[in-house]
Amino acid sequence: MRRLLMHSPIGVAALWILAYLLITLFPLMVLLFYPPPEQGFWVDFSVGLGFIGLAMMALQFVLTARVNRIESSYGIDILLQFHRYTSLVAFFMVLLHPVILFIVQPETIQLLNFPQAPLRAKMAVLGTIAFLAMVITTIWRKQLKIPYEPWRASHTILAALALGLGFGHTIAVGNYLGLFWKVVLWSGMILIALWLILYVRLVKPWLMQKKPYVVEEILPQRGEVWTLALRPLGHDGFTFHPGQFSWLTLNITPFSMREHPFSMSSSGDRSDRIEFGIKAIGDFTKRIQDYKPGTKAYLDGLYGVFTIDRYGDSAGFVLIAGGVGITPIYSILLTAAERKDDRPFLLIYAAPSWNDITYREALEELKKTLNLTIVYVLRKTHDNWEGETGYVDRALLEKYIPQHRGSRQYFICAAPVMMDAVERALFELKVPVTNVHMEHFNLA
Ligand SMILES: Cc1cc2nc3c(=O)[nH]c(=O)nc-3n(C[C@H](O)[C@H](O)[C@H](O)COP(=O)(O)OP(=O)(O)OC[C@H]3O[C@@H](n4cnc5c(N)ncnc54)[C@H](O)[C@@H]3O)c2cc1C
């Protein structure tokens, strides 16, 4: 049983969930049950909510610290989704804590009179405001027109403030942390969370700085995509599972934390030249073409579970790409060709027009060495186009995917609308959900 848990990806993932539950609930149990609290059920209940909320807040720092072992069990999509939902749950617990107190002990509402309130209440109010600001700026970032980089910086500062002030509040109240060892227990948890901020902000950049890369080449591709080729400088680089991604810092120090995630588009088995296919869409990506060979670059990786390497026993693969979503899939195909993988690959690739098909010539070339079928789906067609047009929908998928749906693993990388539509269609076509893997390019 132990072997099964430690060695199967599902077993490891289950162990992480168990650890999460234990860490969230254990300090609470210790605090509430030994020695038993005596403030009455509703007060204890409200305090319990506050403590669970605080423990969940502390654990958010673990979820977002890009710990490879955790990330490789779930993939960044699921981890961030979990981060979003558990943050909301933590927020409502933290909010319910004073609401219940105000109801069962109405005199405590005076603590909201900020100028006259004691320090413990001031810390609680400020911590809750920081938490609220974090939730609002995250959910409505695009509507509020907050660019990604300032949002990310403010997110970290607000999170540290909310946690620090929340912890300060519990220490100042004191009732439930009366014993020294209880203070040590909680301080340890909060210190780990704050250490993770230092790790992400200082230790990781320092490690990255010791392994620099230089730009070797920047080449234009179809579909407003640029190939950025990097060469490791003074070290061996890395091999990777095709489909994985890294965080790229270009022409600035890694301590600046201005990094962007990109899937590698080169062969996973080649460590001396790492390539990315970057679509020019915003501030950073539109400047890629202006960098010169020799520019310094830094990579933080490897991340992601969007790779066929996890499914060595699959009889074949269906790869579905939309636009620049081809990059991890191209890496998968390139690596498979180099490894002389003879399993069948079906690529369904949606692009605006024939001229926008990124890597078109290279993909056609791959047909010579791989058992590869390509179905291009164009939105804008030309006169003698006889292929597929429109969108990748249920009818189109039904026409091409194998009858025995479960015999393949399905990998989708495209714009969010297309990913949702394809996922729904595959579900309707009875493709087992465990066979469908997705990579989202939009984290926030
Ligand atoms: C796992 C993963 C793999 C990716 N692989 C590729 C790829 O192979 N090729 C490719 O062209 N694009 C890829 N992307 C998307 C790429 O990271 C964004 O297009 C790029 O960061 C946009 O930056 P910008 O400043 O040019 O655009 P902006 O206009 O500033 O941002 C556009 C959107 O990109 C996202 N974004 C911006 N900056 C960051 C950042 N620093 N970190 C995370 N997200 C950010 C935000 O959702 C933002 O709304 C990938 C994204 C992820 C999450």
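Values in this document were obtained by computation on a predicted structure and should not be read as measured data.

With that out of the way, let us pick up the site of the ligand. Close contacts around the ligand come from 26 residues, with Glu259, His260, Pro261, Thr285 and Thr327 the closest. Between the ligand and arginine 141 there is a distance of 2.9 Å, counted from an oxygen atom to a side-chain nitrogen or oxygen. A distance of 2.8 Å separates a nitrogen atom of the ligand from a polar backbone atom of glycine 277. For the ligand, the protein covers 89% of the area, taking 890 Å² as the surface of the free molecule. Mapped onto the shell around the ligand, the elements with two or more residues apiece are helix H7 (148–173), strand E3 (245–250), strand E4 (260–263) and strand E5 (274–279). At four residues, the largest contribution of residues to the shell around the ligand is made by E4. A breakdown of the residues in the shell around the ligand according to their chemical character gives 12 nonpolar, seven polar and seven charged. Each of domain 1 (2–207) and domain 2 (213–303) contributes no fewer than three residues to the shell around the ligand.

Bringing the pairing of strand E2 (residues 225–232) into the picture now. Among the eight residues of E2, seven are classified as buried, and the element is accordingly described as predominantly covered. Bridge count between strand E1 (residues 213–221) and E2: eight bridges; the pairing is antiparallel. For proline 220, the partnering residue across the bridge sits in E2 and is tryptophan 226. Adjacent in sequence and paired antiparallel, E1 and E2 are bridged by three residues, among which glycine 223 carries a positive phi angle near 75°. For E2 and E5, the ladder comprises six bridges, and the chain directions are antiparallel. Bridge pairing in E5 places tryptophan 226 opposite isoleucine 278.

For the protein chain, the average pLDDT comes to 91, and 96% of its residues sit at 70 or higher. Under a pLDDT of 50 for its full length, residues 1–7 has, in the predicted model, six contacts with residues more than four places off or in other chains.

The next subject is the nonpolar core. Residues Phe51, Met56, Met57, Phe61, Phe131, Leu163 and Trp186 are the most contacted members of the largest nonpolar core, which totals 40 residues. Secondary-structure elements contributing two or more residues to this core are helix H2 (9–33), helix H3 (41–63), helix H5 (76–104), helix H6 (119–139), H7 and helix H8 (180–209). By residue number, the principal contributor to this core is H3, which donates 12 residues. In this structure, phenylalanine 61 is in contact with Ala159, Ala160, Leu163, Ala193, Leu196 and Ile197, ignoring residues within four places of it in sequence.

So, on to the environment of isoleucine 139. For isoleucine 139, the location among the structural elements is in helix H6. For the pair isoleucine 139 and methionine 419, spaced 280 residues apart in sequence, the C-alpha to C-alpha distance is 21 Å.

This next bit is on the side chain of serine 265. Looking at the element boundaries, serine 265 is found in the loop between E4 and E5. On the basis of relative accessible area, serine 265 is assigned to the buried category, the value being 1%. A distance of 3.4 Å separates a polar atom in the side chain of serine 265 from the backbone nitrogen of glycine 277.

The amide bond that connects glycine 301 to the next residue, leucine 302, takes the cis arrangement and shows omega of 5°. Although it is not a glycine, arginine 66 adopts a positive phi angle of roughly 55°. As for its position among the elements, arginine 66 is in the loop between H3 and helix H4 (68–74). Relative accessible area serves as the criterion here: at 13%, arginine 66 is assigned to the buried category. Its identity is not glycine, yet tyrosine 359 carries a phi of approximately 65°, on the positive side. When you line up the elements, tyrosine 359 lands in the loop between strand E8 (345–351) and helix H10 (360–366).

A ring pair, where both rings are aromatic, is described by two values, the distance of the centres and the angle of the planes. For the coordinates displayed, the defined rule picks out 20 aromatic pairs. Taking the centre distance of 6.1 Å and the plane angle of 65° together, the rings of tyrosine 311 and phenylalanine 411 count as edge-to-face. Here tyrosine 311 is found in the loop between strand E6 (296–303) and strand E7 (317–322), whereas its partner phenylalanine 411 is found in strand E11 (residues 409–413), with 100 residues between them in sequence. For arginine 66, the ring lying beneath its charged end belongs to tryptophan 247, and the centroid distance is 3.8 Å.

Before going further, it helps to examine the sheet that holds E3. Ordered by their spatial adjacency, six strands build an open sheet running E4-E3-E6-E1-E2-E5, and the pairing between neighbours is antiparallel. Looking at which strands have only one partner, the edges of the open sheet turn out to be E4 and E5. Across the sheet, the axes of successive neighbouring strands diverge by a mean angle of 40°, strand direction being ignored. As judged from the four bridges shared by E3 and E4, these two strands associate in the antiparallel manner. Looking at the pairing, phenylalanine 245 lines up with serine 263 of E4.

Criteria and cut-off values
Residues numbered from 1 in each chain as written. Predicted model: local features only at pLDDT ≥ 70, side-chain atom pairs only at ≥ 80, totals over all residues. Heavy atoms only, no water. Near = heavy atom within 4 Å. Polar contact = N/O pair within 3.5 Å; in protein donor to acceptor, adjacent residues only side chain to side chain. Areas by Shrake-Rupley, 256 points an atom, 1.4 Å probe, with all protein chains shown as cover. Helix = DSSP H or I, 4+ residues; strand = E, 2+ residues; numbered from the N terminus. Nonpolar A, V, L, I, M, F, W, Y, C, P; charged D, E, K, R; others polar. Domains from an automatic or database assignment. Buried < 20%, exposed > 50% of the residue type's maximum accessible area, 1.4 Å probe, protein only. Pairing = 2+ DSSP bridges. pLDDT = per-residue confidence, 0-100. Contact = heavy atoms within 4.5 Å. Core = buried A, V, L, I, M, F, W, Y, C linked by side-chain atoms within 4.5 Å. Phe/Tyr/Trp six-rings, centres within 6.5 Å; stacked < 30°, edge-to-face > 60°. Lys NZ or Arg CZ within 6 Å of the ring centre and 35° of its normal. Axes fitted to C-alpha atoms, helices over the stretch in contact; angles between N-to-C directions.

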